[in-house]
Amino acid sequence: MRLPRRPRLLLPVAIALVAIVALFFLFSGIYTDYLWFDAIDYIPVFSGVLLTEIVLFLIGALLMVGIVGGNMLLAFRTRPMFGPAMFGGGSGADRYRMAIDPHRKLIFIVGMALIGLFAGSSSAGQWPTWMQFANGEKFGKTDEQFKMDLSFFMFDLPFIRMLLNFLFTAVVIAAILSAITHYLYGGFRLQSPGVHASRAARIHLSVLVGVFVLLKAVAYWIDQFDLVFSDRGFVHGASYTDVNAVLPAKNILAIIALICAALFFAAIFRPGGMLPGVSLGLLVLSAVLIGGVYPLLVEQFQVKPNQQGKEAPYIGRNITATRDAYKIGDAEVTPYTAEADPTKVQVSGDASVSGVRLLDPALVSATYEQTQRIRGFYAFADQLDVDRYPDSTGKLVDHIVGVRELTGPPQGQSNWINRHLVYTHGYGIVTAPGNKVDSGGLPDYDAKNMPVTGPLVTSTNLKESRIYFGEHENITNNYAIAGGNPNRPQELDYPETGGTGQANTTYTGAGGVPVGSFINRLFYAAKYGEVNILLSGDINDNSKILYERNPRLRIQKVAPFLTLDSNPYPAIVDGRVTWIVDAYTTSNAYPYSQSESLGEMTRDLSTDRSRVIAQQPQDKINYIRNSVKATVDAYDGTVTLYGWDANDPVLKTWSKAFPGVIRPAAEMSEDLRAHVRYPEDLFKVQRYTLSRYHITDAAAFYSGQDFWNVPNDPSQGDRNIKQPPYYLTATMPGGQPTFSLTTTFVPREGPNLAAFMAVDSTAGPNYGKLRILRMPSNTPIPGPGQAQNAFQSRFAGELNLLGVGASSVRYGNLLTLPYAGGLVYIEPVYIQVAAGGGQEPYPILQRVLVSFGSKIGVDRTLQGALAQVFSADQQTQTDENAQENQPTENNQAATALSTAISEAEKAYDDAQKALQSDPPNWVEYGKAQQRLDDALEKLKTAGAQPVPSASPTASPSASPTATPTATPTGSPTPPPAGG
């Protein structure tokens, strides 16, 4: 039934309107991307990727349409002159042909358009493969099996595979659609007995199948090179079976496939189905027997009974390649005796741990939040960062660093103007030395408040504190329109006293896309679906729209060929707050190297509790280099990429593909170099790999008896989650104090310490030097879990007395350090103070635990705890000593115990009152804490272990004998800005 005339006229108009709208939104996305790249001066990336995608799209689409469409046209033009009648009458195909034939041109055009669209889109998505193939740099190294430069496997082989897959797909689709065309137009009929086909149909389809088999012959020959990635053997890479069975089988199959292809082509000249049938049978049978059964027999009867001997050369290849691919081949392993008796070591003059970082960046985030947030619409990261800055004497000291980012307008004030034009940025960087606290146990901030004040501000010459680009989800998910009218500032800068209660500002940075013109406003209104962008009178010629404001995502858009570290960190560089992000070149195509999941290798407690915007992808890699150091200016969003590993062939390849995008490392300022550190994710990948690949002997590797594990984090109880590495200044034996990234290993079976590893994290000649101290295998050195258990069982009573009432005990990061010829464990202990006024609890540093061998110390300071462990008369308190007290001494001990408990309760109450005053009296709080310390010392002297309060960290092994009778009431008010 035909439609009425008017609907028939309206239908093309409606289709045209839909097409115009779709094209408008498509163009708006491309145009706004162009404006974004132009604003940050990275047009070569935008144009390079876009032009490559367009060219690949056109080539893929035209080639696919040419192959498929050409074969369909050939099938149609070679249809029998008399149609179906030549095979004796009609069939079911006649009905389909009669329905399709009147519309065959339209169906053909639409079908080819869809096929071209899918093929072109698939080809365009392969732009990285093409760019690496076209610009590939030589490695200067060859693989063990084929003696070919590694660039063939890294850059050429993926492209060859892509091309083969494309051709396979094209030939299969062409054969299927050509067969359908022949069937519809009488080229062949499915009649009993057998298939009846015209000569043209038989020749056409034979050629297509022959081409497919010919491609299969090429694929078999290419398959031999993929054996260097095989996972058939004990390790990745070509195994004994691969080299001695699969490799010759692939070559034999390639020859057989060539013969079968020739037989299919011969069927052109010889009618009948014998040759194609023989060819197909031969191909399938040889694939099963030669390609499948033969390697299986070799593996089962030759390799498995003698696997260690047979696989030894190939395990050796894997060890060498893996150590090179993960850049751990130069790791220095040193036997370390690790003295465990503190009375046998000389510590006088050894200050290597005296200034160690005590503040835990994961725990004190809450303290920063409550003491330096200032207003509820600001926030700090859940886990702060560790960097180094000079103190008043010019000595570099580890610092805990956080930036005050914006969370959005206050509750009830969230409208479009406030979200995007008023609350546009965070403000300020907050830093504190990691090795000390003030009298109240709070961080001793040297950069704080709004505007930012403190000695670090002067020493670093900080000039710009505004945070327009950051990690908080509000900044990541929302755009800001800044600039506007400089004579009438409307952007909230920071809260202040007096007047309106806020200082306003107008953005003057170079970053951002101008949105003063109607055209730009129109396209951004379409991009965000927000008509206010087009209509708002607050947007003028000075206005700029800021988006893609997360440093990590911003760099990823500029350099899509890089893999980024999951932990950007802020630093004061050349007077500005700058985000520093480590970037990697990665691949899964390094011959013989062990392939692992990047996400699994980097997973530990820090990644579990981090709320980063984009976690590392769970893809497989077997090659990684920290080739780029990237920076993002927190004020104007400027992105800069510095080539850090100039010898990396993968980076050279991408630098050739995008000339000028990667700057030489020599252009980095000295200030920036001072804040470069060794990247966490790379270190985690390397420690994961070194847990096995510290072994270089193939036989020892096969036995696996000396494999290590990364220990579970002892603060997490029974949770099976790895302990993260820690940034801190460490001194390796015979070396100088150096800002390092450290970790420990335990044996695969057992909790003892197996090794300690550190990497130099300071830019210089030793940067990236991996050093491993290997513990004696016949001496049980306590591991982190054992040290944590010793701390908790020994001091659970004393520490939990601090956590009575509304407070609780929190254990900080357990640090392991070489010291005095042995290893010392240092752990800060916090009291998490319950805050009032609807605010969250926050931790305050109260104790430091130290363990060396079997000796343990606890004190308010690290120096005091070290003195307890290493003093000549230090004795370990035991239950047996308590049982030796005479009955006449028990009455005196009971009296002393009662007095000490009363003093402890009084001191605790006074501390709570000092916290509850408005503002909190930190001087009186410190004095009360000191009295509490004295009372606890008396408790220790009296041999008491007070009952732990209800606390999630209370040790089940504690044996309480005394209970405080008073429970403090009320909740402390968090201290004001600046603490």
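Attention here is on the structure that accompanies the text. (Residues numbered from 1 in each chain as written. Predicted model: local features only at pLDDT ≥ 70, side-chain atom pairs only at ≥ 80, totals over all residues. Heavy atoms only, no water.)

### Some words on a nonpolar patch on the surface
Move 1: Where nonpolar side chains cluster on the molecular surface, the patch consists of Leu 280, Val 284, Leu 285, Val 288, Leu 289, Val 293, Leu 297 and Phe 301 and spans about 750 Å² of accessible area.
Move 2: Position of Phe 301 among the secondary structure elements: in helix α9 (residues 274–303). (Patch = residues over 30% accessible without salt bridge, like charges linked within 9 Å, V, L, I, M, F, W, Y side chains within 5 Å. Areas by Shrake-Rupley, 256 points an atom, 1.4 Å probe, with all protein chains shown as cover. Salt bridge = Lys/Arg side-chain N within 4 Å of Asp/Glu carboxyl O. Helix = DSSP H or I, 4+ residues; strand = E, 2+ residues; numbered from the N terminus.)

### A few points about the packing of aromatic side chains
Move 1: Tallied over the entire structure, the rule returns 48 aromatic pairs.
Move 2: Look at Tyr 468 and Tyr 635: their rings are 5.4 Å apart centre to centre, the planes differ by 80°, and that puts the pair in the edge-to-face class. Linking Tyr 468 in the loop between β10 (466–467) and α14 (473–477) with Tyr 635 in the loop between β21 (623–633) and β22 (639–643), this pair joins segments that are 167 residues apart in sequence. For the pair formed by Tyr 468 and Tyr 635, the shared burial category is buried.
Move 3: Members of the aromatic cluster, joined through ring pairs, are Phe 146, Phe 152, Phe 153, Trp 221, Phe 225 and Phe 229.
Move 4: One cation-aromatic arrangement involves Lys 527 over Tyr 528; the distance from NZ or CZ to the ring centre is 5.7 Å.
Move 5: Lying across the ring of Trp 644, Lys 629 places its NZ or CZ 5.3 Å from the centre. (Phe/Tyr/Trp six-rings, centres within 6.5 Å; stacked < 30°, edge-to-face > 60°. Buried < 20%, exposed > 50% of the residue type's maximum accessible area, 1.4 Å probe, protein only. Lys NZ or Arg CZ within 6 Å of the ring centre and 35° of its normal.)

### Brief notes about the sheet that holds strand β11 (residues 480–482)
Move 1: Pairing in this open sheet of 3 strands is antiparallel, and the strands run β11-β15-β14 from one edge to the other. Of all the strands in the sheet, the pair left with one neighbour each is β11 and β14 (513–514).
Move 2: Alignment of β11 against strand β15 (residues 544–546), held across 3 bridges, turns out to be antiparallel. Within β15, the position partnered with Ile 481 by the bridge is Ile 545. (Pairing = 2+ DSSP bridges.)

### Let's talk about the nonpolar core
Move 1: Judged by nonpolar contacts, the single largest core of 183 residues is most densely connected at Tyr 42, Tyr 368, Ile 481, Leu 641, Phe 658, Ile 826 and Val 850.
Move 2: It is helix α6 (residues 150–184) that contributes the most residues to this core, 9 residues altogether.
Move 3: With near-sequence residues (within four places) excluded, Tyr 42 lies in contact with Phe 37, Val 558, Val 639, Thr 640, Leu 641 and Val 661.
Move 4: Tyr 336, Phe 756, Ala 758 and Phe 791 belong to the second-largest nonpolar core, a separate cluster that totals 22 residues. (Core = buried A, V, L, I, M, F, W, Y, C linked by side-chain atoms within 4.5 Å. Contact = heavy atoms within 4.5 Å.)

### Considering the packing of α6 against helix α7 (residues 199–226)
Move 1: It is at 10 Å that the axes of α6 and α7 come closest, and there the two elements cross at 160°. Judged by the inter-axis angle, α6 sits roughly antiparallel to α7. Classified by chirality, the crossing of α7 by α6 is left-handed. (Axes fitted to C-alpha atoms, helices over the stretch in contact; angles between N-to-C directions. Parallel < 35°, antiparallel > 145°, perpendicular 65-115°, else oblique. Left-handed = near helix turned anticlockwise from the far one by under 90°.)

### As for the side chain of Ser 536
Move 1: When you line up the elements, Ser 536 lands in the loop between α16 (532–535) and β15.
Move 2: Ser 536 sits in the buried class, given a relative accessible area of 12%.
Move 3: Among the polar contacts made by the side chain of Ser 536, one reaches the main-chain amide nitrogen of Asp 538 at a distance of 3.2 Å.
Move 4: Setting aside its immediate chain neighbours within four residues, Ser 536 contacts Trp 416, Leu 421 and Arg 521. (Polar contact = N/O pair within 3.5 Å; in protein donor to acceptor, adjacent residues only side chain to side chain.)

### Observations concerning the pairing of strand β32 (residues 842–852)
Side-chain positions along a regular strand alternate between the two faces of the sheet.
Move 1: By the criterion of burial, β32 is predominantly enclosed, with 11 of the 11 residues buried.
Move 2: Strand direction decides the pairing type here: strand β31 (residues 822–833) and β32, joined by 10 bridges, are antiparallel. Paired with Tyr 825 across the bridge in β32 is Ser 851.
Move 3: The pairing of β32 with strand β33 (residues 855–859) spans 5 bridges and is antiparallel. If you follow Val 850 over to β33, its bridge partner there is Gly 857.
Move 4: Adjacent in sequence and paired antiparallel, β32 and β33 are bridged by 2 residues, among which Gly 853 carries a positive phi angle near 65°.

### What to know about the pattern of salt bridges
Move 1: The tally for this structure, following the rule as stated, stands at 27 salt bridges.
Move 2: Asp 582 is the partner of Lys 629 in a salt bridge, and the nearest nitrogen-oxygen pair spans 2.4 Å. With Lys 629 in strand β21 and Asp 582 in strand β18 (residues 576–587), this residue pair connects regions lying 47 residues apart in the sequence. Each member of the pair, Lys 629 together with Asp 582, is buried.
Move 3: Among the ionic pairs, Asp 604 bridges to Lys 684, the shortest N-O distance being 3.3 Å.

### Section: the side chain of Asn 135
Move 1: When you line up the elements, Asn 135 lands in helix α5 (residues 127–135).
Move 2: Judged by its relative accessible area of 15%, Asn 135 falls in the buried class.
Move 3: For Asn 135, the residues in contact, after removing those within four places along its chain, are Thr 653, Lys 656 and Ala 657.

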